[in-house]
Amino acid sequence: MLNWMEGLYETDPEVFDAILKDIERQFNCLNLIASENYASPAVLAALANPMQNKYAEGYPGRRYYGGCEFVDAVERLAIERAKAAFQAEHANVQPHAGVQANLAVYSACLQPGDTILSPALAHGGHMSHGAPFTIAGKLFKVIQYGVNPQTETLDFDQIASLAREHRPKLIICGYSSYPRTVPFDQFRQIADEVGALLMADIAHIAGLVVAHAHPSPIPYAHFVTTTTHKTLRGPRGALILCSSEWAQAIDRAVFPGSQGGPFMHSIAAKAVCLKEAMTEVFQRDQFQTVANARALADELARQGFRLVSGGTDNHLLLVDLRSFDPKLTGKEAERLLEQAGIIVNKNAIPFDERPPAQASGLRIGTPSVTTRGMREDEMRMIGRLIGAVLKDPDPSNLQRIRGQVVEMVQQFPVYADLLEAMRTVQAGYQV
Ligand code: DSN
């Protein structure tokens, strides 16, 4: 039998070619998307494994199909590692993605019509926290909180007063574009005062939490959800952590409540990433991710950009473009930077007057560039390059900066062996 790359090329050279080109793109750009990362070769190897063929509805030792001995072993490893990495009493590693993990929590503890108090999308929340156009938004009464207009940080007076007024059954803390530390203890105090449960969605900061580069929600939240592919650097997917008291309700809410057969190849890759997350190298990288975000924030401020909340405590920063150039939208800045090989995403800033598709901000994150080995010096360089692109978006300047980006990323290779192997396969078939 051919190895999988040869098999892929032989069966489908078009898909092979697109994959090769995307790996080249990932190598050749400065990836500053805050929610992305580079999974390790071990994680990728586990993902491309024939356990994906196996049906295994149920949980280890309690499946609806025969032949589950080895997938049971893998799922047990993933569960035990998730519990150890996060110091949690119970872990469910089956959610296919973050939205599914959040929906499973809602279905474990709420009835349709119950009230949720959650962060507004426009203030850094996520749509799965009950945006009106989602299932959760349709099933539950959703009250949303935001940040303080002066400090642009969480407004606990507002959160407490909304909680007292609406008596939610569930309070959610967790954000897609909030650059500051989340004080989970303050959320728990409010939840206890009004008799609510607390869910922390730590999809963005999970790697930081494992490394203690951000406080853990485990002592405070009844439920913790996270994706596994952001700072955690694993496969696409998610997991749920909770106390033993909620274990059965959560497991039932995932299967059979909202999912069918688990993706066993993905669970194998989650097990690998959780093993990696408990290494010193990973934990050191999480602190470096935060240090890099600070260095980049400082340089961007020097370049004349205003940072929402004045800076960052975590892996991301939000740039308010209005102070730099009132006419420049997030959409246009994202487009110009991409031409220079710098990948970011436009993002609404709190109290944004522009619609989300235009937006007045950029969200910039350091997980990927840190994984490929970049440090503070490179962050300062990236800050200068971002300033240079947006100050002079002439095509020749963008071309010149593109060259500098390529020079820089070549010193921090990523997936170099995979690229070489795929090019060798391709060359072999093209002779
Ligand atoms: N799309 C993810 C992000 O970029 O934050 C959240 O789901």
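Everything numeric here is computed off the predicted structure, so don't read it as measured data.

Draft legend 1. Broad picture of the overall build of the protein chain. Scanning the protein chain from terminus to terminus reveals 17 helices and 15 strands. Computed over the C-alpha atoms, the radius of gyration of the protein chain is 22 Å, within 12% of the 22 Å expected from 2.2 N^0.38 for a compact globule of 431 residues. By its C-alpha atoms, the protein chain is 60 × 60 × 40 Å across when sized along the principal axes. Relative to its full complement of 431 residues, the protein chain shows a buried share of 57%. A separation of at least 24 residues holds for 72% of the contacts in the protein chain among residues at least 6 apart in sequence.

Draft legend 2. Layout of helix H5 (residues 98-109). Between its first and last C-alpha, H5 extends 17 Å over 12 residues, near the 16 Å set by a 1.5 Å rise per residue. Buried residues of H5: Gly98, Ala101, Asn102, Ala104, Val105, Tyr106, Ala108 and Cys109, and no others.

Draft legend 3. Just the sheet that holds strand S14 (residues 345-347), in detail. Spatially, the 4 strands line up as an open sheet ordered S11-S12-S15-S14, and their pairing is antiparallel. This sheet does not close on itself; its edge strands, each paired only once, are strand S11 (306-307) and S14. With 3 bridges connecting them, S14 and strand S15 (residues 361-365) associate as antiparallel partners. Bridge pairing in S15 places Lys346 opposite Leu362. Helix H12 (residues 280-302) contacts S11, strand S12 (316-320) and S15 of the sheet and is inclined by roughly 15° relative to S12. Strands in contact with helix H13 (residues 330-339) are S14 and S15; relative to S15, the strand with the most contacts, it is inclined by about 45°.

Draft legend 4. The confidence of the model for the protein chain, seen in detail. In the predicted model, the protein chain carries a mean pLDDT of 97, and 99% of its residues have values of at least 70. Taken element by element, the predicted model of the protein chain shows its lowest mean pLDDT in helix H1 (residues 4-11) (89) and its highest in strand S4 (residues 90-92) (99).

Draft legend 5. Spatial organisation of the site of the ligand. With respect to spatial proximity, the complete set of residues near the ligand consists of Ser35, His126, Ser176, His204, Lys230 and Arg363. A distance of 2.7 Å is found between an oxygen atom of the ligand and a side-chain nitrogen or oxygen belonging to His204. One of the side-chain N or O atoms of Arg363 is found 2.8 Å from an oxygen atom in the ligand. Grouping the constituent residues of the shell around the ligand by class yields no nonpolar, 4 polar and 2 charged.

Draft legend 6. Local environment of the side chain of Ser118. Examined against the element boundaries, Ser118 turns out to sit in strand S5 (residues 115-119). Under the relative-accessibility criterion, Ser118 is labelled buried at 0%. A distance of 3.0 Å separates polar atoms of two side chains, one belonging to Ser118 and the other to Gln144. If we ignore the near neighbours within four places in the chain, the residues touching Ser118 are His129, Val142, Ile143, Gln144, Tyr145 and Ile172.

Draft legend 7. Local environment of the pairing of S5. When you tally the buried positions in S5, you get 5 out of 5 residues, the bulk of the element. In this sheet, strand S7 (residues 170-173) lies alongside S5 in parallel orientation, the contact comprising 2 bridges. Bridge pairing in S7 links Leu117 to Ile171.

Draft legend 8. Broad picture of the packing of H1 against helix H2 (residues 13-28). At a minimum axis distance of 5 Å, the contact between H1 and H2 shows a crossing angle of 125°. Relative to H2, the element H1 is oriented oblique. In this structure, H1 contributes Met5, Leu8, Tyr9, Glu10 and Thr11 to the contact, and H2 contributes Pro13, Val15, Phe16 and Ile19.

Draft legend 9. Up close: the packing of aromatic side chains. The tally for this structure, following the rule as stated, stands at 11 aromatic pairs. A ring pair is formed by Tyr9 and Tyr429, whose centres lie 5.0 Å apart and whose planes are at 35°; its orientation type is tilted. Placement of Tyr9 in helix H1 and of Tyr429 in helix H17 (residues 416-430) is noted, with a sequence separation of 420 residues between them. Assessed through its relative accessible area of 12%, Tyr9 is described here as buried. Of the residues examined, Tyr429 reaches a relative accessible area of 33% and is grouped as partly exposed. Ring plane angle 15° and centroid distance 5.5 Å describe the contact between Tyr55 and Tyr65, whose orientation is recorded as stacked. With Tyr55 in the loop between helix H3 (41-47) and strand S2 (58-59) and Tyr65 in the loop between strand S3 (62-63) and helix H4 (69-86), the pair connects residues that are 10 residues apart, well separated along the chain. By relative accessible area, Tyr55 is classed as partly exposed at 48%. The exposure class assigned to Tyr65 is partly exposed, which follows from its relative accessible area of 40%. Here the aromatic residues Tyr9, Phe16 and Tyr429 are joined through ring pairs into a cluster of three or more. Note that Arg372 overlies the ring of Phe27, its terminal NZ or CZ placed 5.6 Å from the centroid.

Calculation criteria
Residues numbered from 1 in each chain as written. Predicted model: local features only at pLDDT ≥ 70, side-chain atom pairs only at ≥ 80, totals over all residues. Heavy atoms only, no water. Helix = DSSP H or I, 4+ residues; strand = E, 2+ residues; numbered from the N terminus. Rg over C-alpha atoms; globule rule 2.2 N^0.38 Å. Buried < 20%, exposed > 50% of the residue type's maximum accessible area, 1.4 Å probe, protein only. Contact = heavy atoms within 4.5 Å. Expected span 1.5 Å × (residues − 1). Pairing = 2+ DSSP bridges. Axes fitted to C-alpha atoms, helices over the stretch in contact; angles between N-to-C directions. pLDDT = per-residue confidence, 0-100. Near = heavy atom within 4 Å. Polar contact = N/O pair within 3.5 Å; in protein donor to acceptor, adjacent residues only side chain to side chain. Nonpolar A, V, L, I, M, F, W, Y, C, P; charged D, E, K, R; others polar. Parallel < 35°, antiparallel > 145°, perpendicular 65-115°, else oblique. Phe/Tyr/Trp six-rings, centres within 6.5 Å; stacked < 30°, edge-to-face > 60°. Lys NZ or Arg CZ within 6 Å of the ring centre and 35° of its normal.

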